[in-house]
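Spelled out from the first residue to the last, the chains are:
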Amino acid sequence: MTAVSYQCGPRVVTVVADPRVRDGIDHYLRAQRRPLCPPDTTVTVRVDPPEVPHRRNEAHTGHQLGERTAFTGDIYQAFLTDRITLVPSSPGHVVDLGDNTITVHAANTGIGIRIAVRVLRQITMRAAEDAGARALHAGAVVVDGRAVLVGGRAGAGKTTMLLQLIKLGAAPMASDRTMVTSENTHLHGTAVPHAWRITPQGLESATELHQIWQCPQRGQRLADGKAELTPVEIADAYDRPLHSASPVSALVLVDRTILAPAISHSAGLRPHLDFGNDDPFAEDWLTQRRTATRTTADSPWWNQLTTDLPTLRIRWTHPQELALAAAAADTWIRQ
């Protein structure tokens, strides 16, 4: 077992795991690594197949606390013994919660990596919310030391625009979700560690990524019809540094009008960037939020964001238009 520290938003997390699990986690959180230091939270990942059913059986002897739902809709039953244990409906792992400690017991290395990344993603989001951040439906790239958000509704073309900007020289930061704090017109973004999800057609048009997808060690796995590449794979494919946080300078807002009616300028940014009440990542299923639910009214926050954030709006109906628009967006960003 080895230890490594990550900066998960404002919180330092030390992960203790065997090297194979650590390397898998690093594919999502490499940009968040920092020198080993005293942590706010310790996450331990133990790959021990016989221990998983033992922990599940032991948990069921305790007091049942109810259900918790994690992305991607996995339902955990919470039990209280001498600790809180989360038991999922799938048999491959359990999660123990303690005071500033989380232990993942996994049946194999792959499950250990997947659940550890899920845990670290939750900590990043909840810690950022404690600092006043909100989740925006926007990816991000870094240009000249500052983050440029690329936002829009599902299917608007965010990933295509992100990849085009990276090809033109930007560095990757976030794929689909960025935590943003806004205070006195200063904006700061924190990437949520998540796979980059790309359609097969998108892979075909991106030579660098198509070569990764054809790698026989990976296999052609699709989730909801899309390929999933890690943040490190994206950065390495384009030979760019990977970022995890940065001051925010601008927003490129894409709106695919062939799928849905265009949203008027007067509606502001919220219809494009707000995940809404159905956000699958919103539940604090690991009880990592340390402050009370924010009381700041929603509308003023969004109105202020619309006022403070320089925005380039791009409406398109054909993919060729979006490719051309990326070059114009790159010029606008660098002005």
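Structure shown above.
The sections below set out a description of the structure shown in this document. (Residues numbered from 1 in each chain as written. Predicted model: local features only at pLDDT ≥ 70, side-chain atom pairs only at ≥ 80, totals over all residues. Heavy atoms only, no water.)

On to the pairing of strand β5 (residues 63–70), then. Relative to strand β6 (residues 74–80), β5 runs antiparallel, the two sharing seven bridges. From the neighbouring strand, H63 faces β6, where its bridge partner is L80. Here β5 folds back onto β6, and the loop between the two strands holds three residues, one of which, G73, carries a positive phi near 90°. (Pairing = 2+ DSSP bridges. Helix = DSSP H or I, 4+ residues; strand = E, 2+ residues; numbered from the N terminus.)

Our focus in this paragraph is the nonpolar core. Core analysis: the largest hydrophobic core is formed by 32 residues, its most contacted members being V15, I25, V43 and V95. Those elements that provide at least two residues to this core are β1 (2–8), β2 (11–17), α1 (19–29), β4 (41–47), β6, β8 (93–98), β9 (101–106) and α3 (109–130). A total of eight residues in this core trace back to one element, the largest contributor, which is α3. By size, the runner-up hydrophobic cluster in this structure holds 30 residues, among which are V148, V150, M161 and W196. (Core = buried A, V, L, I, M, F, W, Y, C linked by side-chain atoms within 4.5 Å. Buried < 20%, exposed > 50% of the residue type's maximum accessible area, 1.4 Å probe, protein only.)

Take helix α4 (residues 158–167) next. Of the positions making up α4, those classed as buried are K158, M161, L162, L163, L165 and I166. The first or second residue beyond α4 is G169, which carries a positive phi of 125°.

Here H60 lies in the loop between α2 (51–59) and β5. Considering only alpha carbons, one finds H60 and Q77, 17 residues apart in sequence, at a separation of 9.3 Å. The contacts of H60, once residues within four sequence positions are left out, are F79 and V87. A polar contact of 2.7 Å, which involves the side chain of H60, links it to the backbone oxygen of R56. (Contact = heavy atoms within 4.5 Å. Polar contact = N/O pair within 3.5 Å; in protein donor to acceptor, adjacent residues only side chain to side chain.)

Those residues of α1 not exposed but buried are V21, G24, I25, D26, Y28 and L29. Of the surrounding elements, those touching the buried residues of α1 are β1, β2, β3 (33–34), β4, α3 and α7 (231–237). The N-cap residue of α1 is D18: its side-chain oxygen and the backbone nitrogen of R20 are 3.0 Å apart.

A few words now on the pattern of salt bridges. Counted by the stated rule, this structure contains 20 salt bridges. As a salt-bridge pair, D130 and R11 come within 3.1 Å of each other at their nearest N and O atoms. Taken together, the residues span a long stretch of sequence, with D130 in helix α3 and R11 in strand β2 at a distance of 119 residues. Here R33 makes a salt bridge to D26, at a shortest N to O gap of 2.8 Å. (Salt bridge = Lys/Arg side-chain N within 4 Å of Asp/Glu carboxyl O.)

As a further point, take unusual backbone geometry. In this structure, N100 is a non-glycine residue whose phi angle is positive, near 60°. Its location among the elements puts N100 in the loop between β8 and β9. Within the chain, D144 stands out as a residue other than glycine whose phi angle is a positive 55°. By the element assignment, D144 lies in the loop between β11 (138–143) and β12 (146–151).

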